[in-house]
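Report on the structure
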Amino acid sequence: MKNGKLGFIGIGNMASAIIGGILSSGTFPVGDIYMYNPHAEKMQRFTESGCVACTSAEEVTELCDTVFLCVKPQIFPEVLRVIAPTVAKKNADDVVIVSIAAGVTFKNLQDALGADRRYVRAMPNTPLLLGEGATALCRTSNVPEEDFARVRSAFSCCGVTQEIDEAQMNAVIAVSGSSPAYLYLLAKLTCDYAAQQGIDPKTALTLFCQTMKGSADMLLNSGKDPQALMDMVTSKGGTTFALLNVLKEQGFNEAMISSFEACTHRAEELSM
Ligand SMILES: NC(=O)C1=CN([C@@H]2O[C@H](COP(=O)(O)OP(=O)(O)OC[C@H]3O[C@@H](n4cnc5c(N)ncnc54)[C@H](O)[C@@H]3O)[C@@H](O)[C@H]2O)C=CC1
Ligand SMILES: O=C(O)[C@@H]1CCC=N1
């Protein structure tokens, strides 16, 4: 029997962002959110909000019909071993296992927990915390629409979601999961430069962040593609041309592409 409870195992950066987003949106009753982390202090702010702290991963798995595995990929073998007997005791249609881990495949999950179980993989990102996340999702073919919709709503209540094929899950990490890091790097480099030039750091951050937001809106809503939008900014013989020219000369495009490939490759290595 399904009871609608959501369980989270591993309450670190990402689970905190997901739970924080769910709580802010009010999409699920707070008392339906269960969690386990070996370090109880990581759960404290959510227990103060009314979420339920469990004493083990098995307990979360026993009590909840949607179980989010939010530990590091390296910890997955241990967590899967711990929850396997509890998953085995449930009817196959009474539990959906959701993994947010980079690289951990459906085959990894099926080998550990059973091929007849229902699985969803998600690649979210930390802006979920503010309701501005972006999550790529895929599911095994036995996950019915109703179960998938429930998982999806845990992410879509705090951002956008897109369903993709499992074969694309490692490549999408450079698009959703990891990409905030290089946007923050760009913000840091830009604002550090502005500060060196005597611009007040808060002023620079405000201008740059609005520029990121505005540029994202242009990409989504102007009907123009990235190249056309770059062309709109770039006056012949002007400042943007000078800026882009240095990036080109110094191999920026190649470095970005190599970094995406490294991200995907690392996810492949993290497969169990
Ligand atoms: N941080 C991010 O931006 C994103 C992370 N992910 C994925 O999310 C997962 C978690 O990443 P983070 O939240 O960044 O890591 P984290 O290290 O912040 O959180 C992991 C949590 O698991 C807990 N933990 C360790 N052993 C455990 C066990 N045996 N049972 C239960 N909990 C245990 C740790 O105490 C920690 O609080 C990873 O698999 C990562 O690939 C996916 C998308 C984005
Ligand atoms: O760096 C990582 O491995 C995780 C997955 C995507 C974002 N953070």
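This one's a predicted model, so the numbers in the text were calculated from it and none came from an experiment.

Okay, the UniProt feature "domain: Pyrroline-5-carboxylate reductase catalytic N-terminal" (unreviewed entry) in the chain next. UniProt's feature table lists "domain: Pyrroline-5-carboxylate reductase catalytic N-terminal" (unreviewed entry) at residues 5-103, given in the numbering used throughout. Secondary structure content for residues 5-103 is 40% helix and 18% strand, and the end C-alpha separation is 26 Å.

Before going further, it helps to spend a moment on the environment of S259. Positionally, S259 belongs in helix α11 (residues 252-270). S259 sits 72 residues away from A187 along the chain, and the two C-alpha atoms are 18 Å apart.

So, about the environment of Y182. Examined against the element boundaries, Y182 turns out to sit in helix α7 (residues 179-196). Taking relative accessible area as the criterion, Y182 reaches 31% and is therefore assigned partly exposed. Separated by 148 residues in the primary sequence, Y182 and Y34 have C-alpha atoms spaced 32 Å apart. Those residues in contact with Y182 that lie beyond four places of it in its chain are A174, M256 and F260.

Bringing the packing of aromatic side chains into the picture now. Tallied over the entire structure, the rule returns 3 aromatic pairs. Put simply, the rings of F8, F68 and F155 touch in pairs and so form one group of aromatic residues.

On to the site of ligand 1, then. Taken together, 24 residues are adjacent to ligand 1, and N13, M14, N37, V71 and A102 come closest. Taking V71, its main chain carries an N or O atom lying 2.6 Å from an oxygen atom of ligand 1. Within the contact set of ligand 1, an oxygen atom lies 3.0 Å away from a backbone nitrogen or oxygen of A102. Mapped onto the shell around ligand 1, the elements with two or more residues apiece are α1 (13-25) and α4 (76-89). In the shell around ligand 1, the residues fall into 15 nonpolar, 6 polar and 3 charged.

How each quantity is defined
Residues numbered from 1 in each chain as written. Chains lettered and ligands numbered in written order. Predicted model: local features only at pLDDT ≥ 70, side-chain atom pairs only at ≥ 80, totals over all residues. Heavy atoms only, no water. UniProt positions renumbered as here; feature names shortened; annotations may be inferred. Helix = DSSP H or I, 4+ residues; strand = E, 2+ residues; numbered from the N terminus. Buried < 20%, exposed > 50% of the residue type's maximum accessible area, 1.4 Å probe, protein only. Contact = heavy atoms within 4.5 Å. Phe/Tyr/Trp six-rings, centres within 6.5 Å; stacked < 30°, edge-to-face > 60°. Near = heavy atom within 4 Å. Polar contact = N/O pair within 3.5 Å; in protein donor to acceptor, adjacent residues only side chain to side chain. Nonpolar A, V, L, I, M, F, W, Y, C, P; charged D, E, K, R; others polar.

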